[in-house]
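So the chains spell out like this:
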Amino acid sequence: MQQIIKSDNIIEDIEKAVRSINYDKLYLLTDQNTVINCYPLIEKSRIIQEAVNISIPADDTNKTVENLCKVWRVLTEKGATRHSLLINLGGGMVTDLGGFAAATFKRGIKYINIPTTLLGAVDAAVGGKTGINFEGYKNEIGSFYPADYVIISTDFFHSLGHKGILSGYAEMIKHALIHSESDLQEILSFPLNDIDYSRLNELVFRSVGIKREIVEKDPFEKNIRKALNLGHTTAHAFESFAISKSSPILHGYAVAWGIIVELYLSHRLCGFPKDKLQETVRFIQQNYGAFDITCDNYEQLYEITGHDKKNQGGIINFTLLSDTGTVQIDQTADKELFFEALDFYRDSVGL
């Protein structure tokens, strides 16, 4: 069972977690940003000082098989065994790639995630999904392989820019939508332009709790875990499209824009209330701006959704809502309705 630690003392909690695991050698994975901005917060730990450091380039475009091979190579050259332990210090790219490296090296070694972004804390680091991008498709190769511990400390979030906070906050909007009306109202009323980090800390752990509760019921995404895919079929299409244009976008922003599309589908197919649709869309439009697409891009976006892992038998699968907290998994929309939803998105964000 994955253990999630709400850390008030990051060094103390890392050392406690590491000491609870039987291991022979310790390795630390960072990217070029986290080694500068986040490693200094833990470098005084004697245990961390003993770790073999592995660093890869930053941002999601580097979540590649080449960098995965680099991690495997260092583990091999530095004598890692099936009893070794890997610590992933970074955002979703690091925890996704590092988790997959741990899942596959020697058929699986233990690992700990220390998310350094809000997005990583509320999404990628929790739940055991690992993987890399491949041939232009988001998270195309991967496995379910949970970390032994996820240690969450908001100390790292102070180094994030406003966009970094917003990127993680989109997943919190999603968690609130699939959970309850009271959670949604709290999330939509939080002042993102004047952040109270103490209050954000409480919202983060409530959001993580929603995800953990769902994952524990359905660890391999056979049923209710699909609730966590709200907004993501479209979001992954937006991300893959942006990568194809050599203009990658932040995952959380893609999720926010994907939520607009899929709440519209929810309204049309499942009766999601129009007032809640408009309220949520207004919040996203005010805070996230727009991802610029035109009608000419619709066919390519539709084609990309055909590669989504949730699909079966060539039918595009969506997670939708009939109301806040009432999830409808395994929903389908034809091309015409998907294009209609993209029209709604473009109208909503002012394109």
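The model shown is predicted, which means the values in this text are computed figures rather than measured ones. (Residues numbered from 1 in each chain as written. Predicted model: local features only at pLDDT ≥ 70, side-chain atom pairs only at ≥ 80, totals over all residues. Heavy atoms only, no water.)

Asks: Looking at this model, I keep getting lost on the pairing of strand S5 (residues 110–115). Mind explaining?
Replies: Two faces make up the sheet, and in a regular strand the side chains alternate between them. For S5, the buried fraction is high: five of the six residues fall into the buried class. As paired elements, strand S4 (residues 85–90) and S5 share six bridges and run parallel to each other. Residue pairing for S5: Leu 85 is matched across the bridge by Lys 110. Handedness of the crossover joining S4 and S5 through helix H5 (residues 92–104) is recorded here as right-handed. One ladder, built from two bridges, connects S5 with strand S8 (residues 149–152); its direction is parallel. Looking across to S8, one finds that Asn 113 is bridged to Val 150. (Buried < 20%, exposed > 50% of the residue type's maximum accessible area, 1.4 Å probe, protein only. Helix = DSSP H or I, 4+ residues; strand = E, 2+ residues; numbered from the N terminus. Pairing = 2+ DSSP bridges. Right-handed = clockwise from strand over helix to strand, strands pointing away.)

Asks: Looking at this model, I keep getting lost on the packing of aromatic side chains. Mind explaining?
Replies: Aromatic ring pairs: the centre-centre distance and the angle between the two ring planes describe each pair. Under the counting rule described, the total for this entry stands at 15 aromatic pairs. Between Phe 238 and Phe 291, the ring centres sit 5.1 Å apart and the planes meet at 50°, which makes this aromatic pair tilted. Linking Phe 238 in helix H10 (residues 232–244) with Phe 291 in the loop between helix H12 (274–288) and helix H13 (298–305), this pair joins segments that are 53 residues apart in sequence. Taking the centre distance of 5.5 Å and the plane angle of 45° together, the rings of Phe 238 and Tyr 345 count as tilted. Here Phe 238 is found in helix H10, whereas its partner Tyr 345 is found in helix H14 (residues 335–349), with 107 residues between them in sequence. Residue classification places Phe 238 among the buried residues on the basis of a relative accessible area of 0%. (Phe/Tyr/Trp six-rings, centres within 6.5 Å; stacked < 30°, edge-to-face > 60°.)

Asks: Would you mind showing me how to read the side chain of Glu 15 here?
Replies: Tracing the backbone shows Glu 15 in helix H1 (residues 10–19). Once residues within four sequence positions are removed from consideration, Glu 15 is found in contact with Ser 45, Arg 46 and Ile 47. (Contact = heavy atoms within 4.5 Å.)

Asks: It is not clear to me how a nonpolar patch on the surface should be interpreted in this structure. Could you clarify?
Replies: Together, Val 65, Phe 134 and Ile 141 give the surface a local cluster of nonpolar side chains, amounting to about 210 Å² of exposed area. With respect to the element layout, Val 65 can be found in helix H4 (residues 65–77). Residue classification places Val 65 among the partly exposed positions, given a relative accessible area of 31%. (Patch = residues over 30% accessible without salt bridge, like charges linked within 9 Å, V, L, I, M, F, W, Y side chains within 5 Å. Areas by Shrake-Rupley, 256 points an atom, 1.4 Å probe, with all protein chains shown as cover. Salt bridge = Lys/Arg side-chain N within 4 Å of Asp/Glu carboxyl O.)

Asks: Just checking my understanding: could you explain the nonpolar core for this structure?
Replies: Proteins that are soluble and globular tend to have nonpolar side chains buried together. In this structure, Ile 112, Tyr 169, Phe 238 and Tyr 288 are the most contacted members of the largest nonpolar core, which totals 118 residues. By residue number, the principal contributor to this core is helix H11 (residues 251–270), which donates 12 residues. Beyond its immediate stretch of four places on either side in the chain, Ile 112 contacts Ala 17, Val 18, Ile 21, Leu 85, Leu 86, Ile 87, Asn 88, Ala 147, Tyr 149 and Ile 151. (Core = buried A, V, L, I, M, F, W, Y, C linked by side-chain atoms within 4.5 Å.)

Asks: Explain the sheet that holds strand S3 (residues 52–56) to me, please; I cannot follow it from the model alone.
Replies: Within a beta sheet, neighbouring strands are joined by backbone hydrogen bonds and run either parallel or antiparallel to one another. Pairing within the open sheet is parallel, and its six strands lie in the order S1-S8-S5-S4-S2-S3. Here the strands that pair on one side only, and so sit at the sheet edges, are strand S1 (3–6) and S3. Between one strand and the next, the sheet's axes are offset by a mean angle of 20°, whatever the strand orientation. Where H1 meets the sheet, its contacts fall on S1, S4, S5 and S8, and the angle it forms with S8 comes to roughly 175°. Along the sheet, H5 contacts strand S2 (26–31), S3, S4 and S5; its crossing angle with S4, the most-contacted strand, is approximately 165°. (Axes fitted to C-alpha atoms, helices over the stretch in contact; angles between N-to-C directions.)

Asks: Mind showing me how you'd approach the environment of Leu 228 here?
Replies: Turning to its location among the elements, Leu 228 is positioned in the loop between helix H9 (197–217) and H10. Taking C-alpha positions, Leu 228 is 9.6 Å from Val 327, a pair spaced 99 residues apart along the chain. Not counting residues within four places of it along the chain, the set of residues in contact with Leu 228 comprises Lys 174, His 175, Ile 178, Lys 211, Ile 214 and Val 215.

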